[in-house]
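# Report on the structure
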Number of protein chains: 2
Amino acid sequence: MHMIDLISKKRDGFPLTQQEIQYIIHNYTQGLIPDYQMSAFLMAVYFQKMTNEEATYLALAMRDSGDVIDLSSIPGIKVDKHSTGGVGDKVTLILGPLLASLGAKFAKMSGRGLGHTGGTIDKLESIPGYQVERSVEDFIAQVNEIGIAVVGQSGDVAPADKKLYALRDVTATVDVIPLIASSIMSKKLASGADAIVLDVKVGHGAFMKTEEEAVKLAELMVSIGRLAGKKMTAILTGMDEPLGHKIGNALEVYEAIETLQGRGPKDLVEVTVTIGSHLMLDSNLAISLDDAKQKLYQALNDGSAYKKFLELAKAQGGDINALKDPEALLAKKRIAILSDKEGYITDINALDIGKAAMRLGAGRETKEDQVLLDVGVDLHVKIGHYIKKGDTLATLYVRDKGIEEASNLIKHAIVIGKEHKDIPLIKRTIK
Amino acid sequence: MHMIDLISKKRDGFPLTQQEIQYIIHNYTQGLIPDYQMSAFLMAVYFQKMTNEEATYLALAMRDSGDVIDLSSIPGIKVDKHSTGGVGDKVTLILGPLLASLGAKFAKMSGRGLGHTGGTIDKLESIPGYQVERSVEDFIAQVNEIGIAVVGQSGDVAPADKKLYALRDVTATVDVIPLIASSIMSKKLASGADAIVLDVKVGHGAFMKTEEEAVKLAELMVSIGRLAGKKMTAILTGMDEPLGHKIGNALEVYEAIETLQGRGPKDLVEVTVTIGSHLMLDSNLAISLDDAKQKLYQALNDGSAYKKFLELAKAQGGDINALKDPEALLAKKRIAILSDKEGYITDINALDIGKAAMRLGAGRETKEDQVLLDVGVDLHVKIGHYIKKGDTLATLYVRDKGIEEASNLIKHAIVIGKEHKDIPLIKRTIK
């Protein structure tokens, strides 16, 4: 087999076999296929796409390039969720304890944030003492004990994907649905879960700008997961505005705690419960989606979800006394952004809000950046709200950097108009 | 300017500006753009093509990456021809002296052969003593003195093209008409000629397999040359069978001498005179194509073309006594390939004939190979000939290598059938 022939084959629109895709990924990871052949191949994929089978072979080959977590020593069905990246998306912080409080097994390895979207691991680190590094053995033991662990990625998961992603990033081959799907699924398939819900964000704050693209991506990921033997669901959720109100690490933990205590914002609760309901069903912990939802709402309202959250924090070394007053975790310096007109909020550009939080220090522009845990944005408004001149649109929690830039970004991001607008949040479910 | 943005722009189907193409070529040649970005760009060009303007900018940028020969110290119009590579194509050996004998200025830098097609420089070296290396000063002085010089490439012509070609070769981006056209034209535009005829070969022995592709390539090269201020003509000639009868270095010199003495095979004479007629007109040495052709035939028949050939050989150190008996330059060991049936010759696969000659040692499989000057193939038949069982189809001039393989290739290459076939040789003229 020669890489040049495989490039030609793909270039000419023929699907590759599993053996051919394995050859490419194996040899590329080993450094036996040079970057310049791989990038020509990737651009050919950009134009000729991949079949669902090819994307599955690619995901499996990338999964097999590194460590695959074996969760078989945890009895029962292990659940996982993945979001394609949104602004203010703190669903994992709520969903994990919520599901575990109802008996599900939530064994999650999570990532750090990059760019305008935050990462679960950074958010958890805003809980004083919380340890994100755990050995696989401790990780498994904790799930067996309390039903949940949320840790950083350990081991060498899908190194082929890392190498390929870095190349795609500099060769204009990022926006290719089969490559995005294979990349995400290679890591999900390595994580050892039996049932996975994918939260595919769509809208101007998301990677997928149109519903059509998002559906394609979601369907392909569901297909890949199913071909690999997983229980799969994907939901398409709007990222036309940030999820919830708070953006920034400790701010999101704050909002998660509120939500776990039954006082969460409507959109955040809706997404969390929707994802949770599918995983409850997949875990045989409910007899229908309605039954699952009822149980989930109850766990949020009766304090059991929050109790599980405290158990999680404690198990991973977190100072749970600090959580009693999460307000104290936030930056003391605050700046109010006021409205200079009256009307309905018609748009809140999530991308710009995410960037504003990043400029304040809540996110990383490059992998090497340190994040500030206590800064961020608290949006007082959502699309459809009616506001008057002088009303507070947002509060910035700041230290000393990015204040002017963040203020400008937020002022431009929040659009005020004459018409009341109502945007559906859960746009589609793909099972 | 960033390469990633230019890759995206091309990927998305937008034409690049001259400045952008200059940026790419300049920085790639300098090693500031890595191969992996260039190969992604090339694959994007494969799918999105280039406009005539872009291809021209590319040719000019690659021309300007190295030495550009200045022939302005030679008075009058300097002519050049280029063939896209055929089997048995010894036109330059005949055309140069022929045109020079009629007053044209033929200042030609030529290449060596690679693969199944031979190179003019290798062929000339089969004349004992002939020196292909000349300084640019000597090259120009010789053209001023006798109207002709045929030397090897000197200086660093279009290094960007060399680097790019090597990358295309390993990334399945060779077969891209704008890249082929720019590559050829970057070198032609660096050669300093004022009038150029391109001989674009089409057929199974050529790079362009269909007339449609060949026309596209020819039109694009003519457009590039014209935009760069050259007088341009392209002719499409069939490579459905080898040109003339003889393939191999000294064998082709032999056939060139025959042709220069008015005894050339019909197809070889036709191509030579057709190309020559356009260059005569472009040099203002004839008042019409018919007038030009008449003068060219006369120079072949009255010995003046051959006389100029001897002048050329002598000027470059060749032993012109050896040319009196060119038969003596050929390998002594000969093998006849006989026909095992009767009928019309319906096909002579030029590619396989070229490969047969290469296997005998007449050509290079890799750049490092040494060629044998005295071996090759003398085809006794052409398409349309009627032959009987036992007739000689070809004579192989051999040393000790590749005999069996070459014999088999030739037996399979020559197809004998029941129908008389007549294939037009000059398929199209693009002016």
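Remember, it's a predicted structure, so these values are computed and weren't measured experimentally.

## Things to note about the overall build of chain A
Per the secondary structure count, chain A includes 16 helices and 13 strands. Radius of gyration (C-alpha) of chain A: 22 Å, near the 22 Å computed for a compact globule of 431 residues. Counting over 431 residues, chain A shows a buried share of 59%. When the accessible surface of chain A is totalled, it reaches about 16,800 Å², and 49% of it is carbon and sulfur.

## Section: the relation of the copies chain B and chain A
Once turned by 180° and shifted 0.1 Å along the axis, chain B lies on chain A with an RMSD of 0.1 Å. The operation mapping one copy onto its partner corresponds to a two-fold rotation axis. Among all residues of chain B, the one whose C-alpha sits closest to the rotation axis is Tyr36 of chain B, at a distance of 1.9 Å.

## Some words on the domain arrangement of chain A
All names here are of chain A. Domains assigned within chain A are domain 1 (3–48), domain 2 (78–323) and domain 3 (329–417). The gap between the C-alpha centroids of domain 2 and domain 3 is 24 Å. Taken together, the contact pairs 28 residues of domain 2 with 31 residues of domain 3. For the pair domain 2 and domain 3, the summed buried surface comes to about 2,300 Å²; carbon and sulfur atoms form 62% of the total. Looking only at domain 2, the three residues that lose the most surface to domain 3 are Glu241, His245 and Leu251, adding up to 24% of its buried area. Joining domain 2 to domain 3, the criterion identifies 3 salt bridges. Between Asp378 and Lys246 there is a salt bridge; the shortest N-O distance is 3.1 Å. Taken together, domain 2 and domain 3 are joined by 11 residue pairs in polar contact (both at pLDDT 80 or more).

## Some details on the interface of chain B and chain A
How big an interface is tends to be reported as the loss of accessible area on association of its parts. Facing 20 residues of chain B, the contacting portion of chain A comprises 20 residues. Area buried by chain B at its contact with chain A is led by Arg11, Tyr36 and Phe47 of chain B, which between them contribute 35% of it. At the junction of chain B with chain A, the criterion picks out 0 salt bridges. Linking chain B with chain A are 9 residue pairs in polar contact (both at pLDDT 80 or more), by the criterion used here. Sorting the residues of the side of chain B that touches chain A by element identifies α1 (3–11), α3 (35–48) and α8 (159–169) of chain B as the ones contributing at least two each. Per-element tally for the side of chain B that touches chain A: the top contributor is α3 of chain B, with 10 residues.

## Some details on the sheet that holds strand β12 (residues 414–417) of chain A
Residues and elements named next belong to chain A. In space, the 3 strands of this open sheet follow the order β10-β8-β12, with antiparallel pairing throughout. Edge positions in the sheet fall to β10 (386–387) and β12, since each has one partner strand and no second. The pairing of strand β8 (residues 343–348) with β10 spans 2 bridges and is antiparallel. Its bridge partner being in β10, Tyr344 is matched across the sheet by Tyr386.

## Focus on the sheet that holds strand β3 (residues 148–152) of chain B
The strands making up a sheet associate through backbone hydrogen bonding, with each pair oriented either parallel or antiparallel. All names here are of chain B. If you walk across this open sheet you meet the 6 strands as β3-β2-β1-β4-β5-β13, and the pairing is mixed. Sheet topology places β3 and β13 (426–430) at the edges, where each strand pairs with a single neighbour. The mean angle between the axes of side-by-side strands here comes to 20°, regardless of whether they run parallel or antiparallel. Sheet analysis places strand β2 (residues 105–110) next to β3, joined by 5 bridges and oriented parallel. Its bridge partner lying in β3, Ala107 is registered against Ala149.

## A short note on helix α5 (residues 91–101) of chain A
Residue and element names in this part refer to chain A. Burial analysis of α5 places 10 of its 11 residues in the buried class, the great majority of the element. If you check which residues of α5 are buried, you get Val91, Thr92, Leu93, Ile94, Leu95, Gly96, Pro97, Leu98, Leu99 and Ala100. Taken from the residues just after α5, Gly103 is the one with a positive phi, measuring 105°.

## Structural notes on the pairing of strand β5 (residues 231–238) of chain B
All names here are of chain B. Among the 8 residues of β5, 7 are classified as buried, and the element is accordingly described as predominantly covered. In this structure, strand β4 (residues 195–202) lies alongside β5, joined through 8 bridges in parallel fashion. Paired with Val197 across the two strands is Thr233, which belongs to β5. In this fold, β4 hands off to helix α10 (residues 211–227), which returns the chain to β5; that crossover is right-handed.

## Considering the packing of aromatic side chains
Residue and element names in this part refer to chain B. With the rule as written, the count across this model stands at 7 aromatic pairs over all chains. Taking the centre distance of 5.1 Å and the plane angle of 70° together, the rings of Tyr46 and Phe47 count as edge-to-face. With relative accessibility at 15%, the residue Tyr46 sits in the buried group. Arranged with centres 4.9 Å apart and planes meeting at 75°, the rings of Tyr344 and Tyr386 form a pair that is edge-to-face.

## Considering helix α14 (residues 304–315) of chain B
Residue and element names in this part refer to chain B. Here α14 is 12 residues long and its end C-alpha atoms lie 16 Å apart, about the 16 Å a rise of 1.5 Å per residue gives. The complete set of buried residues in α14 reads Ala305, Tyr306, Lys308, Phe309, Leu312 and Ala313. One face of α14 carries all of its buried residues, which in axial projection span an arc of 155°. In α14, the exposed positions that point more than 90 degrees away from the buried face belong to Lys307 and Lys314. Packed against the buried residues of α14 are α5 (91–101), α7 (136–146), β3, α11 (249–260) and α13 (289–301). Just past α14, the residue Gly317 takes up positive phi, approximately 90°.

## With respect to the packing of α5 of chain B against helix α12 (residues 266–282) of chain B
All names here are of chain B. Look at α5 against α12: their axes get within 10 Å of each other, and the N-to-C directions meet at 45°. With respect to α12, the axis of α5 lies oblique. Judged by the twist between their axes, the crossing of α5 over α12 is right-handed. Within the contact between the two elements, α5 uses Val91, Ile94, Leu95, Leu98 and Leu99 and α12 uses Leu268, Val271, Thr272, Ile275, Gly276, Leu279 and Met280.

## Details of the pairing of strand β4 (residues 195–202) of chain A
Residues and elements named next belong to chain A. For β4, the tally of buried residues reaches 8 of 8 residues, placing the bulk of the element in the interior. Relative to β4, strand β1 (residues 78–83) is paired through 5 bridges, and the arrangement is parallel. In the sheet register, Val79 faces β4, and the bridge partner there is Ala195.

Criteria and cut-off values
Residues numbered from 1 in each chain as written. Chains lettered and ligands numbered in written order. Predicted model: local features only at pLDDT ≥ 70, side-chain atom pairs only at ≥ 80, totals over all residues. Heavy atoms only, no water. Helix = DSSP H or I, 4+ residues; strand = E, 2+ residues; numbered from the N terminus. Rg over C-alpha atoms; globule rule 2.2 N^0.38 Å. Buried < 20%, exposed > 50% of the residue type's maximum accessible area, 1.4 Å probe, protein only. Areas by Shrake-Rupley, 256 points an atom, 1.4 Å probe, with all protein chains shown as cover. Least-squares fit on C-alpha atoms with pLDDT ≥ 70 in both. Domains from an automatic or database assignment. Contact = heavy atoms within 4.5 Å. Buried area = accessible area lost by both parts, 1.4 Å probe. Salt bridge = Lys/Arg side-chain N within 4 Å of Asp/Glu carboxyl O. Polar contact = N/O pair within 3.5 Å; in protein donor to acceptor, adjacent residues only side chain to side chain. Pairing = 2+ DSSP bridges. Axes fitted to C-alpha atoms, helices over the stretch in contact; angles between N-to-C directions. Right-handed = clockwise from strand over helix to strand, strands pointing away. Phe/Tyr/Trp six-rings, centres within 6.5 Å; stacked < 30°, edge-to-face > 60°. Expected span 1.5 Å × (residues − 1). Arc of directions from axis to C-beta. Parallel < 35°, antiparallel > 145°, perpendicular 65-115°, else oblique. Left-handed = near helix turned anticlockwise from the far one by under 90°.

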